[in-house]
Amino acid sequence: ITSEGSLGAGVRRIEAIAGQAAKIAVIYKAKALRDQVEKYIARYRELQMVKEQLGGGRFLETGIFEVEFTELDRLGKCVDNHDPVSVNKFLEHLTGRVDWLEERIAKAEKEIAALRVKQLAREAAGFVQEVQEIKGIKFLIKEFKAYDLPALRAISDEVQRTQPGVVVLFSSTPGKVLYLVTVSPQAIAAGLSAKKLAAELMPPIEGKGGGRDDKAEGGGKEPAGIPAATAAVIKVLGG
């Protein structure tokens, strides 16, 4: 038989345990959001340095988005005081910081990508000096390290603008190759095709891809095959 007093004490113990579990859950969620905010701030500042190095302007200061430990202490007190309105507002505020930083990081990455393309287009002017000629067809074959396809396209566009002909660009990282082949209208009229040139260079790099007569692109998994792929292209050009 359980007395009314002992029953009341048992209920209070259950409420205390449930309340403590709820507090732990809330604090855990808040700390997880705080960690995410700090991670995003570090990434955002890293992107800021990259953007400045590329000649872009500074980002807005992100210090106001840092989460102080005192804020978490206040959150714990709100839970203890059974103040769900304040708890929810704080968690929503943290979520808002995360969302804002995600948007800014995505925007910053796009800005940096655009700045890099512009920078590469300027650098490509120097590559024009490396253009060679076989049987009246000007061509450039060049390898880069860790460039993405937009970067290769920017370089190709600039070279084709000043020295139209055949441009074959490779980008290599460990275990991976990207390639881009572009052929000017004049070179197409002479019987050349980017799609056919790509078909010749793909086997040595264990590549895949395709395209049209004026442009073909794709990737492979054997960077060591780039010299053989280069030789295959030169052979087609008549070298």
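The structure under discussion appears in the preceding block.
Residues numbered from 1 in each chain as written. Predicted model: local features only at pLDDT ≥ 70, side-chain atom pairs only at ≥ 80, totals over all residues. Heavy atoms only, no water.

(A) Molecular detail of the sheet that holds strand β1 (residues 132-134). Pairing in this open sheet of six strands is mixed, and the strands run β1-β2-β3-β4-β6-β5 from one edge to the other. Either end of the sheet is taken by a strand with one partner, and the two such strands are β1 and β5 (207-211). Taking each pair of neighbouring strands and ignoring which way they run, the sheet shows an average axis angle of 20 degrees. Note: strand β4 (residues 176-183) against strand β6 (residues 215-220), six bridges, orientation antiparallel. (Pairing = 2+ DSSP bridges. Helix = DSSP H or I, 4+ residues; strand = E, 2+ residues; numbered from the N terminus. Axes fitted to C-alpha atoms, helices over the stretch in contact; angles between N-to-C directions.)

(B) Seen up close, unusual backbone geometry. With a phi close to 50 degrees, K135 is a non-glycine residue in the positive phi region. The exposed category is assigned to K135, whose relative accessible area is 72%. Its identity as a non-glycine residue notwithstanding, E206 has a phi of 55 degrees, on the positive side. Its place among the elements puts E206 in the loop between α6 (194-205) and β5. (Buried < 20%, exposed > 50% of the residue type's maximum accessible area, 1.4 Å probe, protein only.)

(C) Focus on the pairing of β4. Here β4 lies mainly inside the structure; seven of its eight residues are buried. Bridge analysis of strand β3 (residues 166-173) against β4 gives eight bridges, and the strand direction is antiparallel. Pairing of S172 across the sheet is with V177, part of β4. Here β3 hands over to β4 after two residues, with G175 in that stretch at a positive phi of 75 degrees.

(D) Local environment of the packing of aromatic side chains. A complete count under the given rule lists three aromatic pairs for this structure. Between F144 and Y147 the ring centres are 4.8 Å apart and the planes differ by 15 degrees, which places this aromatic pair in the stacked class. On the basis of relative accessibility, which here comes to 7%, the residue F144 falls in the buried class. Accessibility expressed as a relative area gives 25% for Y147, which makes it partly exposed. (Phe/Tyr/Trp six-rings, centres within 6.5 Å; stacked < 30°, edge-to-face > 60°.)

Shape descriptors only; they carry no functional weight alone.
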